[in-house]
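# Topology and contacts: notes
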Amino acid sequence: MAEISGTTVASTEQPMECAVRRYLYVWEGQIRIIHWVNFFCILILSITGYFIHNPFMAADQHPYIMGHMRHIHYVTGVIFAGGVLARILALFVLSNRFASWRGIPNPFNRNDRETFWAYIKFYTFFSKDTPHVIGHNPVAVVAYIFLFALFLFQILSGFALWSQADPNGTMYALSGWLFGLMSNQWVRWVHFMIMFMIAGFVINHIYSVILFDFKTKSGEISSIFSGWKPDRRD
Amino acid sequence: MSDFKEMLAAHSISRRSFLKYCSAMGALLAVPAAMTPRIAAAIEGDDRPPVIWMEFQSCTGDTESLLRANRPSVGELILDHLSLDYHETIMAAAGHQAEASKHATAEKFKGKYICIIEGSIPTGADGVYCTVAGETAVDIVKKIGTDAGLIIAVGSCSSYGGLPAAYPNPTGAVGVSELLPGKTVINLPGCPMNVDNLTGTIVHYLTFGSAPAMDRFGRPLFAYGKRIHDNCERRSHFDAGQYVENWGDHGHREGWCLYKMGCKGPASFHNCPTLRWNEGVSWPVMAGHGCVGCSEPGFFDTMMPMYGRLPNVPGFGVESSALKIGGTIVAASAAVFATHGAVTMTRNWKQVKEAKAETREIIKETTDAEE
Amino acid sequence: MANKIVVDPITRIEGHLRIEATIENGVITDAWSSATMFRGVETILKDRDPRDAWYYTQRFCGVCTTVHSLASIRAVEDALNIQVPFNAEMIRNLIMGIQNIQDHMIHFYHLHALDWVDVVSALSADPKKTAALQQSISPWKYSSENYFQGVQNRVGAFVKTGKLGPFTNGYWGHAAMKLPAEANLMAVAHYLEALHIQKEIIKIQAILGSKNPHPQTFLVGGMSIPVDPNSQNAINADKIAQIRQYIVMAKEFVEQVYIPDVLAVAPFYLDWAGIGGGHKNYLSYGDFPEGRSGYPNDFWMPAGVIMNGDLTNVMPVDQQKITEYVTHSWYEYSGGDAVGKHPYEGETNWKYTGPKPPYEFLDTDNKYSWVKSPRYDDKPMEVGPLSRMLVAYASGHKEVTDTVDLVLGKLGVGPEVLFSTLGRTAARAVETLIMVNKMSDWLDALVANIKTGDYAIHNNEKWDPSTWPANARGYGFHEAPRGALGHWVVIDNKNIRNYQAVVPTTWNASPRDPAGVRGQYEESLIGTPIADPERPLEILRTMHSFDPCMACAVH
Ligand code: HEM
Ligand code: HEM
Ligand code: NFV
Ligand code: SF4
Ligand code: SF4
Ligand code: F3S
Ligand SMILES: [Mg+2]
């Protein structure tokens, strides 16, 4: 497995033909499912959430519209919480080394550090060399870690806001402590703001998968649908 | 007006005859002399708890609220239920006489009296921003508060700092509990507190002999255990998506939801919708204005702007709405990666051109080969 | 040798007032008035949304709980020049009117009365004679012997417990107490009745504004209580009927109890018609717009300035002549403390320089109060019911002249007695009487306008800040229960850049100015006889005649 965990930094002038040594099943089913479940949850949560923030549609054509929006938001929120949890669990169980915690670059590993800097140099145009790894792009992994931190706060704050409907209930007992740290208006504010941060990530995310799909010609995008990635030999 | 003049004509007598009439009644008694024996006789058998009510950085709105009491009425409270030994706005004595009765009660009933505090306490500049009889509010609270049997903070100022503690809190104002760590303080926030919640607390204390159950912010559950939004009579309009869009519009006149006018009911725990004010006459939402969240810790700053749903970031001013900030985040990210894309494209232009040409070549070759 | 006495706290007022006075052979020769609490709300208002300001300023004071909201929205409306719908103006008048009535009622019975009434002596009254006294002065329904017997028993039982609560250490049996026992018993009964009436009549504010204290109904551009006779969520016939009922209740009590009480008690204290006059400079901004053109036009209560008690010359008010000094107040001015500032340029840079607490005396030669020193044309002014009544009287305002002459006639005295402690208390009663008779006019005007199909309560044109000019400034005036109130606001790209309030009690309670001229409280104490320096009841009488509100004064 030495090679696949290592980096192959492609030369500036990439040969137009390169034989594929073999195909690797990088993103297994459960990972892809989780990915797309979360994607759709976030889509729905953002639409319904924005409506909750500012009910822009008039009621007359949709009676009980806010009730439905909030209901959808809460239910989706629960599913989303499941999805995020599942992905975190998958770091440790039921996933190959690409998707597991081993896919996270190790700052104490020289090779990983070099790979990381290779990517940074590439992103910042300091080097024309396009780095390539089979698994996670290490810079993306850092983004993913921040992203999941946002997810976790979004879930905590979401359940906390929800629990205010019954301050004597279990949900409040589990999440209400948050209001000891910040007033519920600021919890709402942050919950609202994180929506935009996630949107910011998505732009970045989609852009860079397209970027690498283009640069490395390794079917990056299709991998999140099919799971396959070519193990290229340049 | 005229009917009033007739009334006077019919009743009142001329000044001279009135004076004569009155002076016909005996002279005044010298009070203390007359009172002492009866007082001595009656001291036992009276279990009204002594109360010391102190105002510091207050607007006296909570005292005014007290005067609206109805069950029991303030008259009954003062005469029958409590011994209100110190209350600057109401008491007859002033100056030394007033201070004397405060200290007398504090010593005589050490550990037993009820201490009610209205208004925040300024801790800045060694407390010089509020003094009574030359003593700072901080010192008074520490003295009278520590020896009290029960401490009640009435209003948001004494509970959490309230108005004086709003940014930039010029006087370092704090609520009572911050000055008396370890002491149980019953907070009755609200601006003002609703007097029914005070009488409710006192009656609870007199009836069950203990303080009522409280939430994490020291508020009795019987009054602050539920959200305005979850008890609001306009909630059905909220869920149905029927909102007031402009003051005085159809929805406003029809009693629709004030969410879009900045109502803070969804963030506020208080019993206004069920208890209402002034003996159940009305409450803010019922009268067409959104809730401002006056009973929450962090009020004022976290509940303003009044007509916006979420707080503004301090310092950024009126225009710094959450939406603006969020929009900027997204726009920034889009801009960064758009430029990155553009740069990448230009840097790879040559390669793309070659690839195009080569691909055309291959297509040509294969089609030629087929012929 | 003069001996200096301190009265701190002055009780039965709003807030923290401290009086220091020197007494020479039984008479006050000099006095200093100090407010000992500061919050800094003018500073807190900086950088906030001008539409929110009223909610902050309302909390200057929970006693005159509507007046600072009103002055604030008027100031912002002036800055952005917004015209308010007629319905809103009438609703504002009704709210102001009942505020004034209820505030005065509480003041007379619960803050001021115990200066003149000896609660304990009421125990020795004869209920039968008390009933006769009550029946002799008005047709008030509670006038039977049994009724007064009941009140007396209740108070008696209370006193027997030995725990006098708020009446502990009162000035009972003080040499300056002059009422016969029966008058005292009657007053005690009315003390308790007024406690009930005030909370009833103020429900007008709850109906129109959700609650009292601190009604939540004001808006820049109008009011937030909707009007629609065909909706159960707006002002409709039923709400109007409720309001009418409370107006009647107030009118009945003021005409049959409050005024007769003043007429009955005053004769025993006519010496106080010669005490407590002070500077005799009076200022009223005028208020209660009645016409279609709205505030600040067609005032029912006229504006004017009277100097040195000269009722033959009422001068117009010019707000540019108003300045505030901090020479003897715990603030610093950028231009130096000797120069006054107009509120538009006003500053609130607090800096305490007084003695370190706990202290016995203030450093009265230097700064000694949190109250600034407002001056009009560099003169200290008195504001309040007396100023309003004098300005209206001197300008020949019909209702006022009629009522004042009526009351003076009953007491057999002339208008000159009005420049006094007793005059202030009488003027407040007179104002309550004409106000309580005015309320229904405003309600009728509101009803008549609703009848035309006009349900507007708010002017939306300038609600959205994007419609505002880059910067603007304006001021709003109001005749609050305690007198002439002004707010000045400077708006800079949608935010408050400067906010300054000059409040009734700021005028009356002000410390000395750079010229060393005393404030009106201080001046009006000069020459007051003090029977017993240990129990300074006389100081309370004159202070209470102003109805001090220190939270307002300092804010
Ligand atoms: C990506 C994830 C999410 C996004 C983008 C999102 C977005 C939003 C937004 C924009 C609001 C309106 C905030 C306001 O203006 O008051 C909101 C409210 C809310 N969200 Fe979320 N949310 C997310 C996840 C969740 C989760 C996991 C839960 C938990 C079940 C949740 C529960 C709530 C609740 C209870 C509210 C308040 C609704 C109300 O006031 O009736 N949200 N959300
Ligand atoms: C809310 C939106 C999205 C989020 C939060 C998100 C999140 C993620 C995460 C966390 C991963 C890492 C895979 C893993 O280890 O689980 C990933 C991978 C990936 N995502 Fe997304 N994703 C989103 C939308 C999309 C979209 C719309 C596309 C479509 C092009 C996409 C394409 C990919 C691809 C191609 C990968 C694999 C990248 C690689 O090979 O390293 N994602 N995404
Ligand atoms: N002085 C004063 Fe007020 C009044 N009336 C306000 O303007 O009392 Ni609190
Ligand atoms: S809580 Fe409100 S009403 Fe009470 S003192 Fe503070 S400002 Fe006044
Ligand atoms: S008016 Fe306020 S409290 Fe009532 S439902 Fe609407 S948002 Fe909630
Ligand atoms: S503002 Fe306060 S009074 Fe009640 S409705 Fe909101 S909590
Ligand atoms: Mg001021």
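No experiment lies behind these values; they were computed from the predicted model shown. (Residues numbered from 1 in each chain as written. Chains lettered and ligands numbered in written order. Predicted model: local features only at pLDDT ≥ 70, side-chain atom pairs only at ≥ 80, totals over all residues. Heavy atoms only, no water.)

### Overview of the interface of chain B and chain C
Counting from both sides, the interface comprises 112 residues of chain B and, opposite them, 132 residues of chain C. Carbon and sulfur atoms supply 63% of the area buried between chain B and chain C, which totals about 10500 Å² over both sides. At the junction of chain B and chain C, the tally comes to five salt bridges. In this structure, C:Arg154 engages B:Asp80 in a salt bridge whose closest nitrogen and oxygen atoms are separated by 2.8 Å. Inspection of the region where chain B meets chain C yields 42 residue pairs in polar contact (both at pLDDT 80 or more). Taken together, the residues of the side of chain B that touches chain C sort by class into 63 nonpolar, 29 polar and 20 charged. (Contact = heavy atoms within 4.5 Å. Buried area = accessible area lost by both parts, 1.4 Å probe. Salt bridge = Lys/Arg side-chain N within 4 Å of Asp/Glu carboxyl O. Polar contact = N/O pair within 3.5 Å; in protein donor to acceptor, adjacent residues only side chain to side chain. Nonpolar A, V, L, I, M, F, W, Y, C, P; charged D, E, K, R; others polar.)

### Quick word on the coordination of the magnesium ion (ligand 7)
All names here are of chain C. For the magnesium ion (ligand 7), the full set of protein donor atoms is Glu42 (OE), Ala501 (O) and His555 (NE2), at a range of 2.2 to 2.3 Å. Donor residues for the magnesium ion (ligand 7), ordered by position in the chain, follow E-x458-A-x53-H. Taken together, the positions of Glu42 in helix α1 (residues 41-44) and Ala501 in strand β16 (residues 495-502) put the pair 459 residues apart, joining distant regions of the chain. With relative accessibility at 1%, the residue Ala501 sits in the buried group. (Donors = N, O, S within 2.8 Å, 3.2 Å for Na, K, Ca; no water. Helix = DSSP H or I, 4+ residues; strand = E, 2+ residues; numbered from the N terminus. Buried < 20%, exposed > 50% of the residue type's maximum accessible area, 1.4 Å probe, protein only.)

### A few points about the coordination of the nickel atom of ligand 3
Residues and elements named next belong to chain C. The nickel atom of ligand 3 binds to the protein through Cys61 (SG), Cys64 (SG), Cys549 (SG) and Cys552 (SG); the donor distances cover 2.2 to 2.8 Å. Site description for the nickel atom of ligand 3: donor spacing in sequence, C-x2-C-x484-C-x2-C. In this model, the nickel atom of ligand 3 sits 2.8 Å from the iron atom of ligand 3, the two metals being bridged by Cys64. Remark: Cys549 occurs in the loop between α15 (537-545) and α16 (550-554) and Cys61 occurs in the loop between α2 (53-58) and α3 (67-79); sequence separation between them is 488 residues. Residues Cys61 and Cys549 agree in their burial class; the two are buried.

### Description of the arrangement of the chains
Counting contacts across all two pairs of chains that touch, the top-ranked interface belongs to chains B and C. Spatially, chain A and chain C are disjoint, and the shortest separation between their C-alpha atoms is 17 Å.

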